[in-house]
Amino acid sequence: MPSMVSWRLRGGAQRVRYRYVHQPNWGKIPVKAPPFAYVRATSLDQVFDLKAQHGDDARILAGGQSLMAMLNLRLDAPELLIDINGLDALKGIDEDGDAVVIGGLTRHVELERSALVATHLPLIAEAMPNIAHPAIRNRGTIGGSIALADPAAELPACVVALDAEIKLVSGAGERTVKAREFFHGLYDTARNDDELVAAVRVPKSPVSRRYFFSEITPRRGDFASAGLAATVEIDGDTMSDLTLVFFGLAGRPILAARTGDAASGAALTGDIDQIIGQVHAVLDEELETQADLHSSAKMKSHLARVLTKRALTQFAAGRS
Amino acid sequence: MDETTVISCTVNGEAVEEIVPARLNLVDFLREKLDLTGSHVGCEHGVCGACTVRLDGVIVRGCLTLAAQVNGATIETIEGVTATGEVADLQEAFLARNAAQCGFCTPGMVMSAAELLTVNPDAGRAEIRDFLSGNYCRCTGYQAIIDAVETTLAGRKNGGSTT
Ligand SMILES: Cc1cc2nc3c(=O)[nH]c(=O)nc-3n(C[C@H](O)[C@H](O)[C@H](O)COP(=O)(O)OP(=O)(O)OC[C@H]3O[C@@H](n4cnc5c(N)ncnc54)[C@H](O)[C@@H]3O)c2cc1C
Ligand code: FES
Ligand code: FES
């Protein structure tokens with residue numbers, strides 16, 4: 001969806017003129033979005049049927065915090081919006097054995113305040129306050145965030161870092177895709193247009209694991225110029241299984257697997273700067289960054305180094 | 001398929017029933033149909049916060065919500081929370097601190113700050129800033145607004161007045 005990109009890259013500065021429509025007894029009222037029909041869905045089957053009938057002319061409306069902006073800016077012109085906000089089957093945060101299952105319609109604010117998330121998914125708990133602003137977190141959903149796959153979004157990076165699974169449903173049935181195989185590129189995912197993000201299944205994080213989440217933004221709550229979601233196991237002084245997932249650097253979250261592997265086994269004692277230097281060397285080779293309108297690729301590579309240094313410094317300071 | 005839809009909802013305590021175009025934004029409905037022009041329209045893509053209203057008790061962007069979506073819901077606007085006196089102390093603090101200059105951002109700012117007052121009564125200045133990060137003000141430079149919210153928080157804790 002390249003149009004969405006131009007909206008983002010322009011920082012939303014584009015002006016769209018009001019259109020006026022005539023409404024009986026009201027005179028003329030301003031509208032922004034192109035005309036569409038609207039259905040408040042009452043069951044998943046109804047959503048599947050409507051999608052089967054209307055195909056790509058129908059859009060799913062979840063929190064609307066990205067879709068409505070695109071419609072107001074006339075970057076998208078669907079014929080039909082299928083509002084899924086009434087579908088309780090897609091809501092809720094539940095424990096399921098060694099995982100936490102988050103319904104696709106779960107709002108950002110619920111993740112932010114959930115005791116289950118705080119206990120079992122501390123990385124996500126830490127990420128949530130960075131997503132947009134309170135009024136937007138009151139509406140925006142994890143399913144929308146994952147379906148949209150904005151390259152600078154926090155939740156896609158977190159679910160990749162935590163090796164979660166995405167449950168997709170459609171009239172044809174359901175299937176599960178690993179988060180690490182879900183995000184293909186700029187606003188491009190493994191999801192077919194007729195599939196809903198029904199839930200995200202995230203393995204509970206072992207208590208021994210350490211987490212780091214940080215991002216660099218022009219303003220608190222803005223999409224990040226660069227961000228890092230990292231986890232590591234620390235035994236005594238030794239790091240293992242270092243997982244680094246960068247976002248905002250290219251078209252999708254990047255799992256820097258080679259860098260993580262290279263750093264595993266390193267001891268977080270002595271000269272931490274030397275370890276950081278070694279990790280940076282691998283990272284520079286592995287990471288391919290792409291410019292956006294605010295930052296060059298070189299700038300993004302620099303920010304990735306800064307974030308990596310902060311992560312390792314935090315891990316070293318907090319080792320047991 | 002129909003490009004209009006019927007909604008019935010409660011706005012500032014009053015029942016409203018209306019046929020609306022599906023594409024009508026909530027904030028335009030409130031302003032143009034119900035004459036509740038306290039909610040403002042700035043960027044219309046979620047960035048500025050001028051359109052902030054309450055939907056079922058929590059703040060939302062009036063420009064990123066459709067009027068069609070509020071069927072069965074309860075809406076409160078700046079007019080409503082002013083009438084009930086819920087934000088009287090906050091408004092007084094804004095006035096005392098000159099935290100409203102042109103006033104364009106003020107209704108949205110007050111609606112956002114009112115939510116902070118209930119969800120985080122212990123907020124410090126950094127948390128106030130964070131919470132209001134989604135509301136642009138082009139006049140005050142924010143300090144006066146943060147001051148006013150801080151004063152109101154302190155006032156409510158002491159259970160007394162803000163002055
Ligand atoms: C000012 C502003 C700042 C923001 N900052 C950030 C930020 O820093 N980080 C961030 O991550 N996000 C940010 N957002 C976006 C916000 O988090 C959105 O809520 C989120 O990206 C989309 O979720 P939604 O529920 O609102 O989806 P919608 O806007 O309703 O939908 C987005 C897209 O996903 C599709 N979709 C939605 N739900 C599903 C589903 N369950 N299954 C299949 N398809 C679905 C829709 O059809 C649509 O194409 C910001 C938004 C604004 C307005
Ligand atoms: S007008 Fe709604 S956020 Fe700017
Ligand atoms: S007082 Fe003018 S924008 Fe805030």
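Residues numbered from 1 in each chain as written. Chains lettered and ligands numbered in written order. Predicted model: local features only at pLDDT ≥ 70, side-chain atom pairs only at ≥ 80, totals over all residues. Heavy atoms only, no water.

K.L.:
What's the story with the side chain of S39 of chain B in this structure? I'm lost.
P.N.:
With respect to the element layout, S39 of chain B can be found in the loop between α1 (26-33) and β3 (52-55). In contact with S39 of chain B, other than residues within four places in its own chain, are V27, R31, A50, V53, T77, I78 and E79 of chain B. (Helix = DSSP H or I, 4+ residues; strand = E, 2+ residues; numbered from the N terminus. Contact = heavy atoms within 4.5 Å.)

K.L.:
Can you walk me through a negative patch on the surface in this structure?
P.N.:
Together, D57 and E79 of chain A together with D2 and E3 of chain B make up a negatively charged patch on the protein surface. Position of E3 of chain B relative to the elements: it lies in the segment before β1 (4-11). (Patch = residues over 30% accessible without salt bridge, like charges linked within 9 Å, V, L, I, M, F, W, Y side chains within 5 Å. Areas by Shrake-Rupley, 256 points an atom, 1.4 Å probe, with all protein chains shown as cover. Salt bridge = Lys/Arg side-chain N within 4 Å of Asp/Glu carboxyl O. Lys, Arg positive; Asp, Glu negative; His and termini not counted. Charge placed at Lys NZ, Arg CZ, Asp CG, Glu CD.)

K.L.:
How do you make sense of the site of ligand 1 when you look at a structure like this?
P.N.:
As a structural note, the neighbourhood of ligand 1 is formed by 34 residues, with I60, G64, L67, T141 and E154 of chain A the closest of them. Surrounding ligand 1 is a set of residues that belongs to chains A and B. A distance of 2.8 Å separates an oxygen atom of ligand 1 from a polar backbone atom of Q65 of chain A. Against a free-state accessible area of 960 Å², the protein chains account for coverage of 96% of ligand 1. In terms of residue class, the shell around ligand 1 is built from 16 nonpolar, 14 polar and 4 charged. (Near = heavy atom within 4 Å. Polar contact = N/O pair within 3.5 Å; in protein donor to acceptor, adjacent residues only side chain to side chain. Nonpolar A, V, L, I, M, F, W, Y, C, P; charged D, E, K, R; others polar.)

K.L.:
Could you clarify how one ought to interpret the nonpolar core in this entry?
P.N.:
As a rule of thumb, soluble globular proteins bury nonpolar side chains together. Residues and elements named next belong to chain A. Core analysis: the largest hydrophobic core is formed by 40 residues, its most contacted members being I146 and I166. A total of 6 residues in this core trace back to one element, the largest contributor, which is helix α9 (residues 154-161). Residues A256, L268, V279 and L283 belong to the second largest nonpolar core, which totals 29 residues. (Core = buried A, V, L, I, M, F, W, Y, C linked by side-chain atoms within 4.5 Å. Buried < 20%, exposed > 50% of the residue type's maximum accessible area, 1.4 Å probe, protein only.)

K.L.:
Sorry, what's going on with the sheet that holds β3 of chain B here?
P.N.:
Within a sheet, each strand pairs with its neighbour through backbone hydrogen bonds, oriented either parallel or antiparallel. All names here are of chain B. An order of β2-β1-β5-β3-β4 is seen for the 5 strands of this open sheet, with the pairing classed as mixed. The sheet terminates laterally at β2 (14-21) and β4 (58-61), the two strands that pair on one side only. For this sheet, the mean angle separating the axes of adjacent strands, direction not counted, is 40°. Pairing analysis gives 4 bridges linking β3 to β4, with the strands arranged antiparallel. (Pairing = 2+ DSSP bridges. Axes fitted to C-alpha atoms, helices over the stretch in contact; angles between N-to-C directions.)

K.L.:
Would you explain the interface of chain A and chain B in this entry?
P.N.:
Quite often, the size of an interface is put as the accessible area lost when its parts meet. Taken together, the contact between chain A and chain B spans 46 residues of the former and 43 residues of the latter. Both faces considered, chain A and chain B share a buried interface measuring about 3,600 Å² in area, 55% of it formed by carbon and sulfur atoms. Here E44 of chain B makes a salt bridge to K32 of chain A, at a shortest N to O gap of 2.9 Å. At the level of elements, β1 (19-23), β2 (27-31), β3 (37-40), α2 (44-54), α3 (67-72), β5 (80-83) and α7 (134-137) of chain A are the ones that each hand at least two residues to the side of chain A that touches chain B. The biggest single contributor to the side of chain A that touches chain B is β3 of chain A, with 4 residues. Across the side of chain A that touches chain B, the residue classes break down as 25 nonpolar, 12 polar and 9 charged. (Buried area = accessible area lost by both parts, 1.4 Å probe.)

K.L.:
What am I meant to see in the domain arrangement of chain A here?
P.N.:
Residues and elements named next belong to chain A. Taken domain by domain, chain A holds domain 1 (3-83), domain 2 (88-203) and domain 3 (209-316). Using only C-alpha atoms to locate each centre, domain 2 and domain 3 end up separated by 22 Å. A combined buried area of about 1,900 Å² lies between domain 2 and domain 3, and 65% of that area is made up of carbon and sulfur atoms. In this structure, the connection of domain 2 to domain 3 is made through 0 salt bridges. Where domain 2 meets domain 3, there are 6 residue pairs in polar contact (both at pLDDT 80 or more). Those elements giving two or more residues to the side of domain 2 that touches domain 3 turn out to be α6 (122-127), α9 and β10 (183-185). Per element, the largest residue contribution to the side of domain 2 that touches domain 3 is 6 residues, and it comes from α9. Of the residues contributing to the side of domain 2 that touches domain 3, the split by class is 17 nonpolar, 4 polar and 4 charged. (Domains from an automatic or database assignment.)

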